[in-house]
Amino acid sequence: MKEVDIVVIGGGPAGLSAAVHAAKMGAGVLLLERSQALGGQLVKQTHKFFGSRQEFAGERGFDIAHTLMEQIAQQEKIEVWTNATALGYYPDGVLTVKRNENFRTFRPRKLIVATGASEKALAFPNNDLPGIYGAGAVQTLMNLYGVMPAKRVLMVGAGNIGVIVAYQLLQAGVEVAAVIEAAPRIGGYWVHASKIRRCGVPILTGHTIRQAHGTTQLTGVTVCRLDEKWTMIPGTDTLFEVDGLCLAVGLSPLTELLWQAGCKMNFVPELGGYVPWRNEYLQTTHKNVYVAGDVAGVEEASAAMVEGKLAGLAAAFALNHQTADFAADYRAAKQQLNALRSGPLSAKVCHGLCKVMLEEAM
Amino acid sequence: MLAIDGTATAEDLQAVLPTPDRRRRGAVAVIECFQEIPCNPCADACPRGAITMPENISQRPVFDPDKCNGCGVCVGRCPGLAIFVVDYSYGEDTALLKIPYEFRPLPQAGDSVTALDRQGAAVGSARVVKVQEQKNRTTILWLAVTAAMATAVRNIRLSGEVRA
């Protein structure tokens, strides 16, 4: 069994950042990614990021992924395993991993879980018809493989993912019939909403799907209005003739490993579902398990990268790795994260974080 | 209303559009950023210090139209594509607009294109004066429109006759 300082699980923005910063502290890092390539959702993100220069503001997601991957490649202390799925983490400190078709075991001294989140689905009649996608699949098809997912799409969800992917669809030459949103207000950034509005795409808040139509594939979707109690209002049906329906209705943290490791969890709707209790160092109730990114609470990728940095620094520090600028570096990252979360749009996230924050220090 | 349908109201715009006096003095940025989001590349971009961030990155940028010369660097840099430049001094009854554009194919200088408003409705035609491609892949289009349209136009559609 191989001994290793730190295993980082997940090669998205949080995991990449955690690995880079832990390695800079001098820790040996094994970075596990279950898909064939690093980058997580960043590689599909074609929009320019918000935030400040430290979080690559103004750069596009896929460019940021390349920058982080270059930083990873330059670190001799980091070993990268793609096609590698963490299977379980056991009370004796053993981590089991499936890489390609081989079973391997490790005994990491610290584990940083950065598994991200998965898309939520929506229940409505005929929701299994071909032509109905999650927003992640639409982005993968278009932005990774250059495949047009449909000719005319209805987008469900006006959070950031919904309005951003609607814009990407337009860029790819797909017609977007409308963006519908059950909530009475647009959840995504208004600037993203305005970008699709000036392309003529209606945004219908207070609307939901009544049902999808089609026999062998999607041919249309009936949409209706919701009242203030989120009940469908009879007589408000509208039929959209579309061959694509894209669901962008939220994300749930991918926490299976944390449950299995025995971390104490709490259900926090503001953060997307069950998330682990953690202290300010992103350390869970299991002293060797750290978290970063969407698995710790669904947020923007900019915040995930800063959390990754904090978790990477803290885990390496806990293993007695030190650099001269550790304290300053850590403090700066902490301030950066606070700044990102300081606006009114982050109030929900901050409220959620209060419900899982452990007081005691490392 | 922005929160309901993604469109700025006349009242929202009133607060960011240039004053009649500033209009007369030539090109100036219009920052249509109405929400407190954590973002500051516009302030980093401005070479003249006309855009500054208050202490907190999540506040809206503060714009000094007297320092702005309408260069348009911020137009290409804003991640939200929410900054435009308008120059009412461009011609007798013609204004010059600089808008961010991220669609392909790009128009070419000299093309006549359909001018769209903030709801994507066609409001007239625009002449493409310049196509300024940038390293970050946001292109800045320079458009000549009638002065009366300059406040409304925020997007274009390529007209059928322009491209075969």
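Report on the accompanying structure. Nothing here was measured: the structure is a model prediction, and the numbers come from that model.

A word on the overall build of chain B. For chain B, the count of helices and strands is five helices and nine strands. For chain B, whose C-alpha radius of gyration is 15 Å, the value lies close to the compact-globule estimate of 15 Å for 164 residues. Oriented by its inertia axes, the alpha-carbon framework of chain B measures out at about 50 × 35 × 30 Å. Here chain B holds 164 residues, and the buried ones make up 52% of them. In chain B, of all internal contacts separated by at least 6 residues, the share reaching a separation of at least 24 is 58%. If you sum the accessible surface of chain B, you get close to 7,300 Å²; carbon and sulfur atoms cover 49% of it. Measuring between centres, the 18 positive side-chain charges of chain B sit 7 Å from its 18 negative side-chain charges.

Turning our attention to the pairing of strand 6 (residues 112-116) of chain B. All names here are of chain B. Strand 6 sits mainly inside the fold: four of its five residues count as buried. Joining the antiparallel neighbours strand 6 and strand 7 (residues 122-132) is a turn of five residues, in which glycine 120 adopts a positive phi near 80°. The pairing of strand 6 with strand 9 (residues 155-158) spans four bridges and is antiparallel. Bridge pairing in strand 9 places leucine 116 opposite asparagine 155.

All names here are of chain A. Ordered by their spatial adjacency, five strands build an open sheet running 8-15-9-10-11, and the pairing between neighbours is parallel. Taken across any chain shown, the strands that pair with only one partner, and hence form the sheet edges, are strand 8 (132-134) and strand 11 (203-205). Sheet twist, expressed as the mean angle between neighbouring strand axes with direction ignored, is 20°. Taken together, the four bridges between strand 9 (residues 152-156) and strand 15 (residues 244-247) define a ladder with parallel strand orientation. Paired with valine 153 across the strands is glycine 244, a residue of strand 15.

The next thing to look at is the side chain of serine 17 of chain A. Residues and elements named next belong to chain A. On the secondary structure map, serine 17 appears in helix 1 (residues 13-24). A distance of 2.6 Å separates a polar atom in the side chain of serine 17 from the backbone oxygen of methionine 305. With near-sequence residues (within four places) excluded, serine 17 lies in contact with Met305, Gly308 and Lys309.

What follows deals with the pattern of salt bridges. All names here are of chain A. One pass over the full model with this rule turns up 19 salt bridges over all chains. For glutamate 3, the salt bridge goes to arginine 107, with nearest N and O atoms at 3.8 Å. Within this pair, whereas glutamate 3 is found in strand 1 (residues 2-9), its partner arginine 107 is found in strand 6 (residues 102-113), the two being separated by 104 residues in sequence. With relative accessibility at 56%, the residue glutamate 3 sits in the exposed group. A single network of salt bridges, built from pairs that share partners, joins Glu299, Glu307 and Arg341.

Scanning the entire structure with this criterion turns up nine aromatic pairs over all chains. Ring centres of tryptophan 81 of chain A and phenylalanine 106 of chain A lie 5.3 Å apart, and the angle between their planes is 70°; this geometry places the pair in the edge-to-face category. Taken as a pair, tryptophan 81 of chain A in strand 3 (residues 78-81) and phenylalanine 106 of chain A in strand 6 lie far apart in primary sequence, 25 residues in all. With a centroid separation of 5.5 Å and 75° between ring planes, the pair formed by tyrosine 167 of chain A and phenylalanine 103 of chain B is classed as edge-to-face. Pair noted here: tyrosine 167 of chain A is in helix 4 (residues 160-171) and phenylalanine 103 of chain B is in the loop between strand 5 (94-101) and strand 6, and the two residues belong to different chains. With a relative accessible area of 5%, tyrosine 167 of chain A lands in the buried category. Here the aromatic residues Tyr281, Phe317, Phe326 and Tyr330 of chain A are joined through ring pairs into a cluster of three or more. Its guanidinium or amino end placed over the ring of tryptophan 277 of chain A, lysine 264 of chain A lies 4.7 Å from that ring's centre, counting from NZ or CZ. Sitting over the ring of tyrosine 88 of chain B, arginine 23 of chain B keeps its end group 4.2 Å from the ring centre.

A word on unusual backbone geometry. Negative phi values dominate among residues other than glycine, just as trans dominates among peptide bonds. Along the chain, arginine 104 of chain B connects to proline 105 of chain B via a cis peptide bond; the corresponding omega equals 0°. With phi around 65°, phenylalanine 56 of chain A is a residue other than glycine that occupies positive phi space. Here phenylalanine 56 of chain A shows up in the loop between strand 2 (29-32) and helix 2 (61-74). Under the relative-accessibility criterion, phenylalanine 56 of chain A is labelled buried at 15%. Of note in this structure, leucine 81 of chain B is not a glycine but carries a positive phi near 50°. If you trace the backbone, leucine 81 of chain B turns up in the loop between helix 5 (73-77) and strand 4 (83-87).

The subject of this paragraph is the interface of chain B and chain A. Contacts between the two partners involve 41 residues from chain B and, on the opposite side, 36 residues from chain A. Interface of chain B and chain A: buried area, both sides summed, is about 3,200 Å²; carbon and sulfur atoms make up 53% of it. For the chain B face of the interface with chain A, the top three residues by lost area are Ala3, Gln35 and Phe103 of chain B, together amounting to 17%. In this structure, arginine 137 of chain B engages aspartate 63 of chain A in a salt bridge whose closest nitrogen and oxygen atoms are separated by 2.8 Å. Taken together, the links from chain B to chain A amount to 25 residue pairs in polar contact (both at pLDDT 80 or more). Among the elements of the structure, helix 1 (2-5), helix 4 (41-45) and helix 5 of chain B are those that each provide at least two residues to the side of chain B that touches chain A. Looking at the side of chain B that touches chain A element by element, the count peaks at four residues for helix 1 of chain B. Tallied by class, residues from the side of chain B that touches chain A come to 18 nonpolar, 13 polar and 10 charged.

Conventions we followed
Residues numbered from 1 in each chain as written. Chains lettered and ligands numbered in written order. Predicted model: local features only at pLDDT ≥ 70, side-chain atom pairs only at ≥ 80, totals over all residues. Heavy atoms only, no water. Helix = DSSP H or I, 4+ residues; strand = E, 2+ residues; numbered from the N terminus. Rg over C-alpha atoms; globule rule 2.2 N^0.38 Å. Buried < 20%, exposed > 50% of the residue type's maximum accessible area, 1.4 Å probe, protein only. Contact = heavy atoms within 4.5 Å. Areas by Shrake-Rupley, 256 points an atom, 1.4 Å probe, with all protein chains shown as cover. Lys, Arg positive; Asp, Glu negative; His and termini not counted. Charge placed at Lys NZ, Arg CZ, Asp CG, Glu CD. Pairing = 2+ DSSP bridges. Axes fitted to C-alpha atoms, helices over the stretch in contact; angles between N-to-C directions. Polar contact = N/O pair within 3.5 Å; in protein donor to acceptor, adjacent residues only side chain to side chain. Salt bridge = Lys/Arg side-chain N within 4 Å of Asp/Glu carboxyl O. Phe/Tyr/Trp six-rings, centres within 6.5 Å; stacked < 30°, edge-to-face > 60°. Lys NZ or Arg CZ within 6 Å of the ring centre and 35° of its normal. Buried area = accessible area lost by both parts, 1.4 Å probe. Nonpolar A, V, L, I, M, F, W, Y, C, P; charged D, E, K, R; others polar.

In short, the description is geometric, and any link to function would need to be established separately.
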